[in-house]
Amino acid sequence: MKPWIWFTFVACLFAASTEAASNLVCYYDSSSYTREGLGKLLNPDLEIGVQFCTHLVYGYAGIRGENYQAYSLNENLDIYKHQFSEVTALKRKYQHLKVLLSVGGDHDIDVEHPNKYIELLEGEKVRQTAFIRSAYDLVKNYGFDGLDLAYQFPKNKPRKVHGELGSAWKSIKKLFTGDFIVDPNAALHKEQFTAFVRDVKDSLRADGFLLSLTVLPNVNSTWYFDIPALNGLVDFVNLAAFDFLTPARNPDEADYTAPIYNPTSKDRLGHYNADFQVNYWVKQGFPSSKINLGVATYGNAWKLSHDSGLEGVPVVPHTEGPAPEGTQSQKPGLLSYAEICGKLSNPHNQFLKGNDSPLRRITDPTKRYGTIAYRPVDGQITEGIWVSYDDPDTASNKAAYARSINLGGVALFDLSYDDFRGQCTNDRYPILRAVKYRL
Ligand SMILES: *[C@@H]1O[C@H](CO)[C@@H](O)[C@H](O)[C@H]1NC(C)=O
């Protein structure tokens, strides 16, 4: 073989082997800009994270209930304070970066029009045209590279982790009473969504804009995504394979909220794990190189009761819904990685008592299920708390998993919940870095 042929051959091999698992899609929720205190993420902090990302997904745009136009959910910041333009301008400095605008993402909460995402699909073509034109304008006018549809479909009903005795009978009963059925017209909506995505894609094609999908937690892909048809229309899909259980949806029991695989010790529901979700897309013929595995940078925190026991081993019974909000996350039942890390044993808190005493950590030597931190109820004063989350180690396990099955990469939800200040170990964005290092 001539040397240059050999060289080309080796170069191609190398290119092929680095092709897979190279995406690091970073979600950026711009509402983090308006948080109070240490949770507030400003642009210099954002920029430090962005260097590790191949894509930045900017959240969020929504749909106007009256006319179905796409619009910024925070116009004051995004438009009038120029945050859209400032963030897309980061591309000048980081030329590898692609910035997409995301629609929905469970941030478009609209009590007056709770069904607008379905109505947009069901309605006449003019509605969809209104959405498509306005979405295109936002992408074009503010310098985005494309659009992400984090479409707010109805979510499946929360269920017990594993059925008690007689669950077979229960499932049959539920089947007949229709208790499983969230959306009787799901099949129709699936068809309509495919047609809608096709039209969105057509509007973006001439400019070469990207189109991606985000499958939100607890949205059932079987119901809404015609996977073979979507393959030809979207550049990639981000599977939010976490929040399988949350303290809001499952107040009275706690379990791993984002395991890679199903824990074998108890017979749990088959679809509450990342591997099932990923495989579902792969089995339907979607190229694995276009699937990014979603990893959360926050934990779900339950409040424990006296009856939840002292062990902390899931499934934890008799929980009492969401734990109180963190000072940084400002959402009940949700703690950012920085907050969780601050509650683990460290030189400042190891001798503290009551609600300031540190949480115990249960690591995951199997590399399959994720990390747990908890503190049982103690006497009358100490509140019990139980958190399931991914730390840099387990997030890195997920990146290794993504690589091992040749996925496109990892999608991180989101930058603002990672320890972007380095409060924990002085390392800024430890989860993001751990994932980057493994991909
Ligand atoms: C969707 O729901 C059905 C019925 O509950 C379940 O069998 C299926 O595994 C779910 N699909 C996914 C991708 O989670």
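In this numbering scheme, every chain counts its residues from 1 along its sequence in written order. For this predicted model, a pLDDT threshold of at least 70 governs which residues receive local features, and a threshold of 80 or more governs which side-chain atom pairs are given and counted, while totals over whole chains, interfaces and linings are taken from all residues. To obtain the side-chain values, all non-hydrogen atoms of the structure were used and water was disregarded.

Engineer: Quick rundown of the overall build of the protein? Include the residues and the values.
Structural biologist: Along the protein, the regular secondary structure elements total 15 helices and 16 strands. Burial status across the protein gives 54% buried among its 439 residues. When checking whether two residues touch, look at their non-hydrogen atoms; a contact exists if any pair is within 4.5 Å. Looking at the protein alone, contacts between residues at least 24 apart form 73% of all its contacts between residues at least 6 apart. In short, Shrake-Rupley with a 1.4 Å probe defines the accessible areas, and a residue's cover is counted only from the protein chains shown. For the protein, the exposed area adds up to about 20100 Å²; of that, 54% sits on carbon and sulfur atoms. Between the averaged position of the 46 positive side-chain charges in the protein and that of its 50 negative side-chain charges there is a distance of 5 Å. Only DSSP runs of H or I with at least four residues qualify as helices, and only runs of E with at least two residues qualify as strands; both kinds are numbered from the N terminus onward. Categorising residues by exposure relies on relative accessible area from a 1.4 Å probe, with only protein chains included: less than 20% of the type maximum marks a residue as buried, more than 50% marks it as exposed, and the intermediate range marks it as partly exposed. In this tally Asp and Glu are treated as negative and Lys and Arg as positive; neither His nor the chain ends contributes. To locate a charge, the coordinates of NZ of Lys, CZ of Arg, CG of Asp or CD of Glu are taken.

Engineer: Lay out helix H14 (residues 392-404) with the relevant residues and their values.
Structural biologist: Expected span of a helix: the number of residues minus one, times 1.5 Å. Here H14 is 13 residues long and its end C-alpha atoms lie 18 Å apart, about the 18 Å a rise of 1.5 Å per residue gives. Of the positions making up H14, those classed as buried are Pro392, Thr394, Ala395, Ser396, Asn397, Lys398, Ala399, Tyr401 and Ala402. Polar contact is the term for a pair of N or O atoms within 3.5 Å; when the atoms are in protein, one must be able to donate a hydrogen and the other to accept it, and sequence-neighboring residues count only if both atoms are side-chain atoms. Capping the start of H14 is the job of one residue whose side-chain oxygen sits 3.0 Å from the backbone nitrogen of Asp393: Asp391. Once H14 ends, the next one or two residues include Asn406, with phi positive near 60 degrees.

Engineer: Can you explain the site of the ligand? Please cite residues and give values.
Structural biologist: Put simply, a residue is near a molecule or strand once any heavy atom of it comes within 4 Å of that molecule or strand. Neighbouring residues of the ligand: Arg159, Asn220, Thr222, Trp223, His271, Phe276, Gln277 and Tyr280. Taking Thr222, its side chain carries an N or O atom lying 2.7 Å from a nitrogen atom of the ligand. Within the side chain of Gln277, a nitrogen or oxygen atom sits 3.3 Å from an oxygen atom of the ligand. Expressed as a share of its isolated accessible area of 360 Å², the protein-covered part of the ligand is 70%. Among the secondary structure elements, those contributing two or more residues to the shell around the ligand are helix H10 (221-224) and helix H12 (274-283). When residues in the shell around the ligand are grouped by element, the largest group, three residues, is from H12. Three categories are distinguished: nonpolar for Ala, Val, Leu, Ile, Met, Phe, Trp, Tyr, Cys and Pro, charged for Asp, Glu, Lys and Arg, and polar for the others, with Gly belonging to the last. For the shell around the ligand, the residue count by class is three nonpolar, four polar and one charged.

Engineer: Mind laying out the side chain of Gln128, listing which residues take part and the relevant values?
Structural biologist: With respect to the helices, strands and loops of the structure, Gln128 is situated in helix H7 (residues 125-141). Within the structure, Gln128 has its side chain in polar contact with the backbone oxygen of Leu120 (distance 2.8 Å). Apart from the residues lying within four places of it in its own chain, the contact partners of Gln128 are Leu120, Leu121, Gly123 and Phe196.

Engineer: A description of the pattern of salt bridges should follow, citing residues and the corresponding values.
Structural biologist: Salt bridges are counted wherever a side-chain nitrogen of Lys or Arg sits within 4 Å of a carboxyl oxygen of Asp or Glu. This model, assessed by the stated rule, comprises 16 salt bridges. Between Lys116 and Asp110 there is a salt bridge, and its shortest N-O distance comes to 2.8 Å. An identical accessibility class is assigned to Lys116 and Asp110; each is buried. Arg268 is paired through a salt bridge with Asp255; the nearest N and O atoms lie 2.6 Å apart.

Engineer: Let's hear about the pairing of strand E9 (residues 291-296): which residues, and what values?
Structural biologist: Within E9, six of the six residues are buried, which leaves it mostly tucked inside the rest of the structure. The pairing of strand E7 (residues 236-239) with E9 spans three bridges and is classified as parallel. Its bridge partner lying in E9, Leu239 is registered against Leu293. Two strands pair when backbone bridges link them, and E9 and strand E16 (residues 409-413) are joined in this way by five bridges, in the parallel orientation. Residue pairing across strands places Leu293 opposite Val410, the latter belonging to E16. When DSSP finds at least two bridges between two strands, those strands are taken to pair.

Engineer: I'd like a description of the state of the cysteines, backed by residues and values.
Structural biologist: Disulfides are defined as cysteine sulfur pairs within 2.5 Å. Inspection of every chain in the model, using the stated rule, returns two disulfides. At a sulfur-sulfur separation of 1.6 Å, the disulfide partner of Cys341 is Cys424. Note that Cys341 is positioned in helix H13 (residues 337-343) and Cys424 in the loop between E16 and helix H15 (430-438), a separation of 83 residues in sequence. A residue is classified by how much of its surface remains accessible, and Cys424, at 27% relative accessible area, is partly exposed. By sequence order of its bonded cysteines, the protein has the disulfide arrangement 1-2, 3-4.

Engineer: Give a description of the packing of H14 against H15 that names residues and reports values.
Structural biologist: Only C-alpha atoms enter the line fits that serve as axes; for helices the fit covers just the stretch in contact. Angles between N-to-C directions range over 0 to 180 degrees. Running from amino to carboxyl end, H14 crosses H15 at an angle of 30 degrees, the nearest separation of the two axes being 8 Å. With respect to their mutual orientation, H14 and H15 come out roughly parallel. The chirality of how H14 crosses H15 is right-handed. For the pair H14 and H15, contact is made by Pro392, Ala395, Ser396, Asn397, Ala399, Ala400 and Arg403 and by Pro430, Ile431, Ala434, Val435 and Arg438, respectively. What sets the label is the angle itself: under 35 degrees gives roughly parallel, over 145 gives roughly antiparallel, 65 to 115 gives roughly perpendicular, and the rest give oblique. The crossing is said to be left-handed when, going from far helix to near helix, the turn is anticlockwise and less than a right angle, and right-handed when the turn is clockwise.

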